[in-house]
Amino acid sequence: MHQKDIETEQARERLSAAEARLASCDAEAAVLNANIESSIENARRILEDLEQQSGRVREIETEIAGGMQRLKDIEHEKAALQEKRASAENVRKGCRMKLDSREGMLTGETERLRSLEQECSALETRIRILTDMQRDYEGYSKAVRSVMQRDYEGYSKAVRSVMREREHQTLRGIHGPVSGLLRTDRETALAVETALGSSGQNIVVDTQQDARLAIEMLQRRDAGRATFLPLDTIRGSRMHDAPEDDPGFVGIASDLVQADAKYSQIVLNLLGRTVVAERLTDAIRMSKKSGNRLRIVTLDGQMIHAGGSMTGGSSVQGSGILSRASELDELRQKAGDARKKQEAQQQQVATLQRTVETLRYELQMAQEDLTALDRDEAALEAEK
C-alpha cells in the first residue's frame, strides 16, 4: 500500500511537473506566437517599406534617366546654339565689314560732293561777275554805255526814270555793240577781238534813221562818240584768195564766229577779209606769199596789216569783251554739267547714306541676336 502511495505520489509529482512544463511550453508558445505575429507584422511593414522604396528607386531611376537625357539634350542644344552663334558672329562681322566699307565710301563721296559744290559755287560766282560786267557793258566806251545802258549819271532817280522812259520812246532799233552780238570759241576769241579792234564797240542798229537819233542823243548828253552800223546799208564780202593750203592757216575770221543770220553782212564787212593764222611765223609766211596784200591776225593776237605793217605785243588772254562772252558761254556749259554731276553725286550720297543706315540697323540686330544666344547658352549651362 505504501508502495502504491509512493508511486502515486511520484506519478502526481511527474504529472505536476508535466503540467508545469506544459504551462511553461504554453507560455513559451504564446511568446513565440506573439513574436511570430510581431515578426510577421514587421515583415509586412518591411515589405511595404521595400515596396515604397522600390517605387522611389524606380522614380529616382526615371529622374536620373530623364536628367541624363536632358543633359544630352542640353549638349545638343548648346551645340546648336554655338552653331547659331558662329553664324550670327559671321553675320555681325559681315555687317561690320560692309558698314566700314560703305562708311568709307560715304566719306569719299561726301568729299567729292563738297568739291563739286565748291566747283559749282566758283563757277556761279564767275558767271555772276561776267554777267554783271556784260550787263554793265564794262569795257565799252562811254558812248556805247550811254546808248545801251541809258546811264544818266549825276541825275536823281526820278530824272533818270523820266529820261529812260523818254529814250525808250525815241531810241529804237538798237541791237547792241558788235562784240555783244558775236560768239566764238575761246581758242579764236583773242584773234577775232584783235581783228575787230575798235570795231567791236560799233553799235548795230536797224536803220540810218536809228543811228541818227542815237548820235543826236550822244550830242545832247555830251556822252562821247560812237560808230553805228545800220543793217539797211552795211554790206560785206568774203575773200576768195585765202591761203587755205598753208599749214598755219586757221580760217577766215568771219567763218570763225557765230551770229544771227541778220548780222551776216556786218560780220562779212568787219571780218570777211581777215585771215587767222596759228602763229606769227605762219602769218609772216602767208603775208610774203601774198605780196603783203593780206590782213592777218594770229591766235595770240598779233597782226600783220595789208601793206606789211605789223602790230603786236603782249595780250591778256580772256580780257576782251568777246573772250568774256565766250568764257561766259563756256562757264555756263561747265556750270550746267557741274550741276548735273552735283545732283547725281547728291543722289549717290543719299543712296549710300540709306545703305549705311540699313547696315547699322542690321549690325544692331546681329549684335542683339548674339546677346540673346549668349543668354540662352548661359541658361543652359546653369540648368546643366
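Residues numbered from 1 in each chain as written. Predicted model: local features only at pLDDT ≥ 70, side-chain atom pairs only at ≥ 80, totals over all residues. Heavy atoms only, no water.

**Brief notes about the pattern of salt bridges**
What counts is decided by this rule: By convention in these notes, a salt bridge is any Lys or Arg side-chain nitrogen within 4 Å of a carboxyl oxygen on Asp or Glu. Here a helix means four or more residues in a row that DSSP labels H or I, a strand means two or more in a row labelled E, and each is numbered from the N terminus. Buried means the residue's accessible area, taken with a 1.4 Å probe over protein chains only, is under 20% of the maximum for its type, while exposed means over 50%, and partly exposed covers the values in between.
Applying the stated rule across the entire model yields 23 salt bridges. Where Arg96 meets Asp100, a salt bridge forms, and the shortest distance between an N and an O atom there is 3.0 Å. Here the residue Arg96 and the residue Asp100 both occupy positions in helix H1 (residues 2-135), the gap between them amounting to four residues, near one helical turn. For Arg96, a relative accessible area of 31% puts it in the partly exposed group. By relative accessible area, which is 42% here, Asp100 ends up partly exposed. One network of salt bridges, with partners in common, ties together Asp246, Glu278, Arg279, Asp282, Arg285 and Lys289.

**Observations regarding helix H8 (residues 280-289)**
Condition: By definition, the arc is the one covered by directions from the helix axis to the C-beta atoms. Contact between two residues is taken to exist if any of their heavy atoms lie within 4.5 Å; hydrogens are not considered.
Taken as a whole, H8 has its buried residues at Asp282, Ala283, Met286 and Ser287. For H8, the arc enclosing every buried residue in end-on projection is 130°, short of the 170-degree limit, so these residues lie on one face. Exposed side of H8, more than 90 degrees from the buried face: Thr281, Lys288 and Lys289 are the residues found there. Where H8 is buried, its residues meet strand S4 (249-252), strand S5 (274-277), strand S6 (295-298) and strand S7 (303-304).

**Structural notes on a nonpolar patch on the surface**
To be explicit about the condition: For patch building, the residue pool is restricted to those with more than 30% relative accessible area and no salt bridge; the joining distance is 9 Å between like charges and 5 Å between nonpolar side chains (Val, Leu, Ile, Met, Phe, Trp, Tyr). Surface accessibility follows the Shrake-Rupley procedure with a 1.4 Å probe radius. Residue values consider only the protein chains on display as shielding.
Taken together, the side chains of Ile60, Ile64, Met68 and Leu71 present a nonpolar region at the surface, about 330 Å² in accessible area. Checked against the element boundaries, Met68 lands in helix H1.

**Describing helix H6 (residues 208-221)**
Keep this limit in mind: Expected helix span is computed as 1.5 Å times (number of residues minus one).
With 14 residues, H6 extends 20 Å from end C-alpha to end C-alpha; this agrees with the ideal 20 Å at 1.5 Å per step. Of all the residues in H6, the buried ones are Asp210, Ala211, Ala214, Met217 and Leu218. Taken end-on, H6 shows its buried residues confined to a sector of 120°, consistent with a single buried face. Facing away from the buried side of H6 by over 90 degrees, the exposed positions are Gln208, Gln219 and Arg220.

**Quick word on the confidence of the model for the protein**
Rules: Confidence scores per residue from the predictor, reported as pLDDT, run from 0 to 100.
Residue-level pLDDT values for the protein average 81, and 85% of them are 70 or greater. Long-range and interchain partners of residues 150-166, a stretch whose pLDDT sits below 50, account for 14 contacts in this model, where long-range means more than four residues apart.

**Topic: the sheet that holds S6**
Where we set the bar: Strands are treated as partners if at least two bridges between them are detected by DSSP. All axes here are fitted lines through C-alpha atoms, helices being fitted over the stretch that makes contact, and every angle between N-to-C directions spans 0 to 180 degrees.
Spatially, five strands are ordered S4-S5-S6-S7-S8 in an open sheet, and the strand pairing comes out mixed. Here the strands that pair on one side only, and so sit at the sheet edges, are S4 and strand S8 (310-311). Relative to S8, S7 runs antiparallel, the two being bridged by two bridges. Following the sheet pairing, Ile304 is matched in S8 by Met310. Running at roughly 145° to S6, helix H5 (residues 186-196) makes contact with S5, S6 and S7 of the sheet. Its contacts with the sheet put H8 on S4, S5, S6, S7 and S8, and the angle it makes with S6 is roughly 170°.

**Thoughts on the sheet that holds strand S3 (residues 228-230)**
In space, the three strands of this open sheet follow the order S1-S2-S3, with mixed pairing throughout. Two strands bound the open sheet, and with one partner strand each, they are strand S1 (174-177) and S3. The sheet shows a mean angle of 25° between the axes of neighbouring strands, taken without regard to direction. In terms of strand pairing, strand S2 (residues 203-205) meets S3 through three bridges, oriented parallel. Bridging from a neighbouring strand, Val205 pairs with Pro230 of S3.

**Let's talk about the environment of Leu229**
Examined against the element boundaries, Leu229 turns out to sit in strand S3. Residue Leu229 is classed as buried on the basis of its relative accessible area, which comes to 6%. On a C-alpha basis, the gap between Leu229 and Gln208 in space is 8.1 Å, while along the polypeptide they are 21 residues apart. The residues contacting Leu229, other than those within four sequence positions of it, are Val178, Asn202, Ile203, Val204, Val205, Ile234, Ile266 and Leu270.

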